[in-house]
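Per-entry structural report
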There are 2 protein chains.
Amino acid sequence: MEGRWKLVIIHNLFGRDGGKPPVMRFSELERAIPTVSQKMLIQQLRCLERDGIVQRTIHPQVPPKVEYQLTCLGEALRPTLRALLDWANIRKQQSSD
Amino acid sequence: MEGRWKLVIIHNLFGRDGGKPPVMRFSELERAIPTVSQKMLIQQLRCLERDGIVQRTIHPQVPPKVEYQLTCLGEALRPTLRALLDWANIRKQQSSD
DNA sequence: CGGCATCCGTTCTGATACTG
DNA sequence: CAGTATCAGAACGGATGCCG
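Here's a quick rundown of the structure.

Cut-offs and rules
What you see as residue numbers is a count from 1 along each chain, following the sequence as written. Lettering for chains starts from A, numbering for ligands starts from 1, and both go in the order in which the items are written. Whole-chain, interface and lining totals are the exception, using all residues; otherwise, since this is a predicted model, local features are given only for residues with pLDDT of at least 70 and side-chain atom pairs are given and counted only at 80 or more. Side-chain calculation: all heavy atoms of the structure are included, whereas hydrogens and water are not. Nearness of a residue to a molecule or strand requires only that one of the residue's heavy atoms be within 4 Å of it. Think of a polar contact as two N or O atoms within 3.5 Å of one another; within protein, one of them needs to be a possible hydrogen donor and the other a possible acceptor, and neighboring residues in sequence only count if both atoms come from side chains. A helix here means a DSSP run of H or I that spans at least four residues, while a strand means a run of E at least two residues long, and both kinds are numbered starting from the N terminus. Under the scheme applied, nonpolar residues are Ala, Val, Leu, Ile, Met, Phe, Trp, Tyr, Cys and Pro; charged residues are Asp, Glu, Lys and Arg; polar residues are all the others, including Gly. Pairing between strands is defined by DSSP: at least two bridges between the two strands are required. Contacts were defined at the residue level, with two residues in contact if any of their heavy atoms lie within 4.5 Å. Lines fitted to the C-alpha atoms define the axes, with helices restricted to the stretch that makes contact. Angles between their N-to-C directions range from 0 to 180 degrees.

Taken together, 19 residues are adjacent to DNA strand C, and Gln38, Arg46 and Tyr68 of chain A together with Lys39 and Met40 of chain B come closest. A breakdown of the atoms of DNA strand C within 4 Å of the protein gives sugar and phosphate a share of 63%. The contact in question runs from a base nitrogen of DNA strand C to an N or O atom on the side chain of Gln38 of chain A, over 2.6 Å. Arg56 of chain A places a polar side-chain atom, nitrogen or oxygen, 2.7 Å from a phosphate oxygen of DNA strand C. Where the surface near DNA strand C is concerned, the elements lending two or more residues are α2 (26-32), α3 (38-50) and β3 (65-70) of chain A together with α3 (38-50) of chain B. When grouped by side-chain class, the residues that make up the surface near DNA strand C number 9 nonpolar, 4 polar and 6 charged.

So, about the sheet that holds β3 of chain A. By way of backbone hydrogen bonds, the strands of a sheet pair with one another, either parallel or antiparallel. All names here are of chain A. The sheet built from 3 strands is open, its strands ordered β1-β3-β2 with antiparallel pairing. Strands at the two margins of the open sheet, each flanked by one partner only, are β1 (24-25) and β2 (54-59). Looking at chain direction, β2 and β3 are connected through 6 bridges and run antiparallel. Bridged to Val54 within β3 is Leu70. Each of β1, β2 and β3 is contacted by helix α1 (residues 6-14), which is oriented at about 90° to β3, the strand it contacts most. Sheet strands in contact with α3 are β2 and β3, and its direction is about 110° off that of β2.

Glancing now at the sheet that holds strand β3 (residues 65-70) of chain B. Residues and elements named next belong to chain B. Taken together, the 3 strands give an open sheet; going across it, the order is β1-β3-β2, and neighbouring strands pair in antiparallel fashion. Since the sheet does not close on itself, it has two edges, and those belong to β1 (24-25) and β2 (54-59), each with one partner. Across 2 bridges, the pairing between β1 and β3 is antiparallel. If you follow Arg25 over to β3, its bridge partner there is Glu67. Running at roughly 90° to β3, helix α1 (residues 6-14) makes contact with β1, β2 and β3 of the sheet. Contacts between α3 and the sheet are confined to β2 and β3, with β2 contributing the most and set at about 110° to the helix.

As structure tokens, then:
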């Protein structure tokens, strides 16, 4: 199950540069990534959880509240994502020739 | 068309650490990646070529000889792949606890 | 709010056979 | 050697409806 949303989700869970990694609710992620369907979002989140990249926290209350945040292993992906974004910039520069 | 083979192909085209990026024939890539089908290999290579990551060189001769190598943009992915491999090591360490 | 179950068309992929 | 063509099964992904 190879999803192209994982990087987008992780990127959102990194938060803005300089800020702390946010803890996000399901609906927040939905709003942050408007193009992903609910089904895909939950599926990819479950997958990331199984892989130990994302931690899922259930707060037993009504209405339900579930929060997602990166694990230590997830945080460790930051250099990788940065390298990838750097590459995207190189690519953009080249294509603007 | 999201393929899980692209990284494997690129990794092979990087060559061994310390060596120069190799120029590989189709059959060499086939042998280097035994688990990929011929169809997928050619498909992913074509895709990487369209994306400007891999250069395909046809030598008009009999028997045919086609060589693949990374473009400049493809080479620029090296830091990204390295970061990813570093992360894989972190992951391996954690799971061996 | 944060899901899960189901249907259903689209896409992907492997296997196999064939070609210049 | 380096592909192309075709077919069938598997996987993907969106839409919809229901639930605690």
